[in-house]
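# Reading the structure
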Amino acid sequence: MAAALAKVRPAKGRKGEIRRPIVPHIDFRVNLGLYAETYAQWRDAAWFPSRVIILGVGHRSRDEFSCLPAGFKTPLGEVEPDHPFHQSLAARCPFPLVRDAQAFQGEHSIEFVVVWLQILRDLFFPDRSFTILPVLCGGLQDFVEKGKPPGSSDPAAVFAKALADLPGANDADTAWVASIDGCHVGPRFQHPFEADEKVRKLVASWEKHLWSLASSETLSEFFQHLSSNSNGFYFDGVGVLHTLLHGQKLRAEVQPTVQWHVPSDQSLVSFSRGLLIPSGS
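Cut-offs and rules
Residues numbered from 1 in each chain as written. Predicted model: local features only at pLDDT ≥ 70, side-chain atom pairs only at ≥ 80, totals over all residues. Heavy atoms only, no water. Helix = DSSP H or I, 4+ residues; strand = E, 2+ residues; numbered from the N terminus. Contact = heavy atoms within 4.5 Å. Pairing = 2+ DSSP bridges. Axes fitted to C-alpha atoms, helices over the stretch in contact; angles between N-to-C directions. Core = buried A, V, L, I, M, F, W, Y, C linked by side-chain atoms within 4.5 Å. Buried < 20%, exposed > 50% of the residue type's maximum accessible area, 1.4 Å probe, protein only. Phe/Tyr/Trp six-rings, centres within 6.5 Å; stacked < 30°, edge-to-face > 60°. Expected span 1.5 Å × (residues − 1). Polar contact = N/O pair within 3.5 Å; in protein donor to acceptor, adjacent residues only side chain to side chain.

Turning next to the environment of Gly139. Inspection of the secondary structure assignment puts Gly139 in the loop between strand E6 (131-137) and helix H5 (141-146). For the pair Gly139 and Gln118, spaced 21 residues apart in sequence, the C-alpha to C-alpha distance is 28 Å. If we skip the residues at most four places from it in the chain, Gly139 touches Glu64, Val144, Val238 and Gly239.

Dropping the structure here:
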C-alpha cells in the first residue's frame, strides 16, 4: 500500500472539497492504485481528519441503516469509536440506531477504509489520532421499486438528516467516507446471462447516467433511473448515497468507472472513485 501511494504523483489538493471521498471496497488486489489515488488527496493537501464517519454497505445487515459505536481492530492496530458523536446522534433519532450489531463483524466495507486510514496516518501524519463512526446502509429496494426516495418522515430520511445536522458533523477535521462498489453483473451474482461485451457496454452506459444523477438536487431522478430496471445491475451504493445526498446539499464528482471483468465466469464488478462536493461548486 505504501508503494501504491508512492506511485501517485503529488498534486495540489482541494482541502475544502476532499472531506467526502467516494472509494470502493473491492478486493485490494483488484485495483490498489485506485485506492491510493483517492487517499493521496489527503496526503497532498497535508490534511488528516480527527473524526471519520464511514458509510459502508451492510452486506449481511437486515436493516436499511445501522450505526454502532464500535471500533475496528486490524493488523495495524485498533481504532476507537466516537462515543460522544454516537450518543448525540442517538438522542436525535426516535428509533434504535444499533439495529444489527452482528452485521458489523468483519464488514469489509468498513474495515478496508480503516486499514487505509491507518496506513495514511502512520506514513504521513504520525502525530495524529482519529476516531470512527461506522454506519451500514442497505439498498432501499422498496423505494427503488417505487422510483422515488424515502419521504422526509421515513426513518432512513430522518436518520440521514439527523446525522448531517449533528454538531461537529461539518467541522473542518471531520471526514465522510462513502465506501461503495458499483454494479455486480453476471452468473456469479445469479444473473441468467453472462457479462459479455454487449452487456458490459450496457452496464457502463446505465451506470454513467446514474452517477450523473447522484446529486441532492436530482435525488428523485436518481431513484427513477434505478427503478428503470429495479436496480437489476445490483448497484450497491444506493443507501450510502441516499444518506449523504438527502442529509446534505451535495453532488457526486467521479472519475470514469472501472469494470473488473472475470472471463472465467463472465461476471463483472464496477467501481469508481470520486468526491461528494457541495452543490453549485
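Here we come to the sheet that holds strand E11 (residues 267-271). Spatial strand order, E8-E11-E10: three strands in an open sheet with antiparallel pairing. Each edge of the sheet is formed by a strand with only one pairing partner; in this case those strands are strand E8 (184-185) and strand E10 (258-262). In this structure, E10 lies alongside E11, joined through five bridges in antiparallel fashion. The partner of His261 across the bridge, within E11, is Leu268. With respect to the sheet, helix H7 (residues 197-212) is in contact with E8, E10 and E11, its orientation differing from that of E10 by roughly 155°.

Formed by 51 residues in total, the largest nonpolar core has its most connected members in Leu55, Leu89, Phe159, Leu163, Phe222, Phe235 and Leu276. Aside from chain neighbours lying at most four places away, what touches Phe235 is Ile180, Asp181, Gly182, Cys183, Trp206, Glu207, Leu210, Trp211 and Leu241. Counting residues in each nonpolar core, the second largest holds 42 residues, with Ala40, Val79, Phe112 and Val269 among its members.

Another aspect to go through is the pairing of strand E7 (residues 174-179). Most of E7 sits inside the fold, with six of its six residues counted as buried. Alternating positions in E7 separate into two faces, Thr174, Trp176 and Ala178 on one and Ala175, Val177 and Ser179 on the other, with burial throughout. Examined bridge by bridge, strand E1 (residues 21-23) and E7 share two bridges and lie parallel to one another. Directly across from Ile22, in E7, lies its bridge partner Ala178.

Our next topic: the packing of aromatic side chains. Enumeration over the complete set of coordinates arrives at 15 aromatic pairs. Aromatic pair Trp42 and Trp47: ring centres 5.1 Å apart, planes at 90°, arrangement edge-to-face. The interplanar angle of 75° and the centroid separation of 5.6 Å between the aromatic rings of Phe48 and Phe130 together place this pair among those described as edge-to-face. Pair noted here: Phe48 is in the loop between helix H2 (32-44) and strand E2 (51-57) and Phe130 is in the loop between helix H4 (108-124) and E6, with a separation of 82 residues, a long-range link.

Taking 1.5 Å as the rise per residue, H4 with 17 residues should run 24 Å; its terminal C-alpha atoms sit 24 Å apart, in good agreement. Counting buried positions over the 17 residues of H4 gives twelve, a clear majority of the element. Regarding H4, the residues found buried are Ser109, Ile110, Phe112, Val113, Val114, Val115, Trp116, Leu117, Gln118, Ile119, Leu120 and Arg121. Sitting at the amino-terminal end of H4 is Glu107, which places a side-chain oxygen 2.9 Å from the backbone nitrogen of Ser109.

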